[in-house]
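Tertiary structure, described
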Amino acid sequence: MKKLIIPLFSMAVAVSCGTAKVSDRNVASQSASASDKAFMASYKTIKAEELKKNLYVIASDEMEGRDTGSPGQKKAGIYMVDYYKNLGISYPKPLGSYYQKVPADFMKERGASGLPDSENILAFIEGTEKPDEIVVVSAHYDHVGTKNGVVYNGADDDGSGTVAVMQIAKAFQAAKKAGHGPKRSILFLHVTGEEHGLFGSEYYSSHPVFPLANTVVDLNIDMIGRDDPENRGKQYVYVIGSEMLSSELKVINEAANKRTHNLELNYKYDDPNDPQRLYYRSDHYNFAKNNVPVAFFFDGIHEDYHKPTDDPEKIDYPLLQKRAQLVFTTAWDIANRTERIKVDKK
């Protein structure tokens, strides 16, 4: 009898274990399916017509070119803060406000005399599982103001990045309301003073609301609404710096791209000999120099760059939507993956 009991018991265990494994797989599959559905529903909230609606406000003559600390920039800031309030997206609790003051003295010390106090604008969605780990999605909302009575609207630079961040925030908030908030926290960071010297992002990096050691990545968006002469008519985006500090970030972004619109990802500006040195010229750099992995999304230098003709009617809104959806998908993956991305390069 003993000889029979042992195999029968073993069979019972095997059947029981097998059933448990199938059940676990089913639960995991159902969970993955629910997450995929939540992702897709959120992804679809990023719409060309909403990007256009917001950009026609942000880049209107009423905002007077959004020069750093100007009344026009403050009007744009109020519009953005009201947008976040209406979505139910709050500010970081440690900050106590949507506004982080960037003092005139801070900018003056860096060579920009005559600028008034200005503000970074921060909105925040707390993570459900790893709230102390922060994914930053950034863009600067300042431009160059008014010159000789002519308004420089800065629709692409960087109105396009500004409205993309706003729509990405809306997408994450939609997921949260559906019960699928990001596992890591997301900071939507609109910085000031970029055009005068990356002042807003430098101020944030030297006075971070959350420790930079806890900051997982900065996905920075600066000009994603147009094309440049080299890529006229193409479905593309320049991605800068994605493999400078982490071997994983570029891989994650490329996987996100294949999952979405499969844009042509152009790495031209990663060349250390590139004369434009764009890796050092936008707000991500103030994170990178503090050892935070970065990816900078950019459409290139076109004929209306820093001219009064950078207007909202010239934006390619379907392409702006696709690029914003790529950044959202990359942020979604980084925010929800099990392990924090590695910093394994110098």
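Above this text is the structure in question.
Attention in this report is confined to the structure presented alongside it. (Residues numbered from 1 in each chain as written. Predicted model: local features only at pLDDT ≥ 70, side-chain atom pairs only at ≥ 80, totals over all residues. Heavy atoms only, no water.)

Our next topic: the packing of helix 3 (residues 71-87) against helix 5 (residues 155-177). Packed helices, taken two at a time, are described by the angle their axes make and the gap between the axes. Here helix 3 crosses helix 5 at 10°, and the two axes come no closer than 10 Å. Taken together, the axes of helix 3 and helix 5 are roughly parallel relative to one another. The segment helix 3 lies against helix 5, with Tyr-79, Met-80, Tyr-83, Tyr-84 and Leu-87 engaging Thr-162, Val-165, Met-166, Gln-167, Ala-169, Lys-170, Gln-173 and Lys-177. In terms of residue class, the contact of helix 3 with helix 5 is made up of eight nonpolar, three polar and two charged. (Axes fitted to C-alpha atoms, helices over the stretch in contact; angles between N-to-C directions. Helix = DSSP H or I, 4+ residues; strand = E, 2+ residues; numbered from the N terminus. Parallel < 35°, antiparallel > 145°, perpendicular 65-115°, else oblique. Contact = heavy atoms within 4.5 Å. Nonpolar A, V, L, I, M, F, W, Y, C, P; charged D, E, K, R; others polar.)

The eight strands are arranged 1-2-6-3-7-10-8-9 in an open sheet whose pairing can be described as mixed. Bordering the open sheet on either side are strand 1 (99-102) and strand 9 (264-266), each of which pairs with just one other strand. For this sheet, the mean inter-axis angle between neighbouring strands, taken without regard to orientation, is 25°. Of the strand pairs in this sheet, strand 8 (residues 236-240) and strand 10 (residues 294-298) are connected by three bridges, and their pairing is antiparallel. Following the sheet pairing, Tyr-238 is matched in strand 10 by Phe-298. Set on the sheet, helix 5 makes contact with strand 2 (118-125), strand 3 (130-140), strand 6 (184-191) and strand 7 (215-221); between it and strand 3 the angle comes to about 150°. Along the sheet, helix 10 (residues 317-336) contacts strand 3, strand 6, strand 7, strand 8, strand 9 and strand 10; its crossing angle with strand 7, the most-contacted strand, is approximately 180°. (Pairing = 2+ DSSP bridges.)

Moving on to the packing of helix 2 (residues 48-58) against helix 5. Close contact between helix 2 and helix 5 brings their axes to 9 Å; oriented N to C, the two are set at 130°. In terms of orientation, helix 2 lies oblique with respect to helix 5. Pair helix 2 / helix 5 crosses with right-handed handedness. The segment helix 2 lies against helix 5, with Glu-50, Leu-51, Asn-54, Leu-55 and Ile-58 engaging Ala-155, Gly-159, Ser-160, Val-163, Ala-164, Met-166, Gln-167 and Lys-170. Here the residues of the contact of helix 2 with helix 5 are counted per class, giving seven nonpolar, four polar and two charged. (Left-handed = near helix turned anticlockwise from the far one by under 90°.)

Tallying each qualifying case throughout the model produces 20 aromatic pairs. With a centroid separation of 6.0 Å and an interplanar angle of 65°, the aromatic rings of Tyr-269 and Phe-298 are classed as edge-to-face. Taken together, the residues Tyr-269 in the loop between strand 9 and helix 9 (285-288) and Phe-298 in strand 10 connect sequence positions 29 residues apart. Ring pairing ties together the aromatic residues Phe-39, Tyr-43, Phe-172, Phe-188, Phe-328 and Trp-332, which thus form one cluster. (Phe/Tyr/Trp six-rings, centres within 6.5 Å; stacked < 30°, edge-to-face > 60°.)

In terms of burial, helix 7 (residues 199-206) is largely enclosed, as seven of its eight residues are buried. Taken together, the buried positions of helix 7 are Phe-199, Gly-200, Ser-201, Glu-202, Tyr-203, Tyr-204 and Ser-205. (Buried < 20%, exposed > 50% of the residue type's maximum accessible area, 1.4 Å probe, protein only.)

This brings us to the environment of Asp-142. Mapped onto the secondary structure, Asp-142 falls in the loop between strand 3 and strand 4 (146-147). Put simply, Asp-142 and Asn-153 are eleven residues apart on the chain and 9.9 Å apart in space, counted from C-alpha to C-alpha. A distance of 2.9 Å separates the side chain of Asp-142 from the side chain of His-140, its partner in a polar contact. At a separation of 3.0 Å, a polar atom in the side chain of Asp-142 contacts the main-chain amide nitrogen of Glu-195. (Polar contact = N/O pair within 3.5 Å; in protein donor to acceptor, adjacent residues only side chain to side chain.)

A separate point is the pairing of strand 2. Of all the eight residues making up strand 2, eight are buried; the element is thus mostly covered by neighbouring parts of the structure. Two strands pair when backbone bridges link them, and strand 1 and strand 2 are joined in this way by four bridges, in the antiparallel orientation. Counterpart to Gln-100 in the pairing with strand 2 is Asn-120. Sheet topology note: the strand 2/strand 6 ladder contains five bridges and is antiparallel. The partner of Ile-125 across the bridge, within strand 6, is Ile-186.

Inspection of the secondary structure assignment puts Ala-171 in helix 5. By relative accessible area, Ala-171 is classed as buried at 0%. Along the chain, Ala-171 and Trp-332 lie 161 residues apart, while their C-alpha atoms are 9.9 Å from each other. Look past the residues within four positions of Ala-171 in its chain and what remains in contact with it is Ser-42, Thr-45, Ile-46 and Phe-328.

Once that is clear, we can look at unusual backbone geometry. With an omega of -10°, the peptide bond between Asp-157 and Asp-158 qualifies as cis. Residue placement: Asp-158 occurs in helix 5. Positive phi values are uncommon outside glycine, yet Glu-64 reaches one of about 55°. Examined against the element boundaries, Glu-64 turns out to sit in the loop between helix 2 and helix 3.

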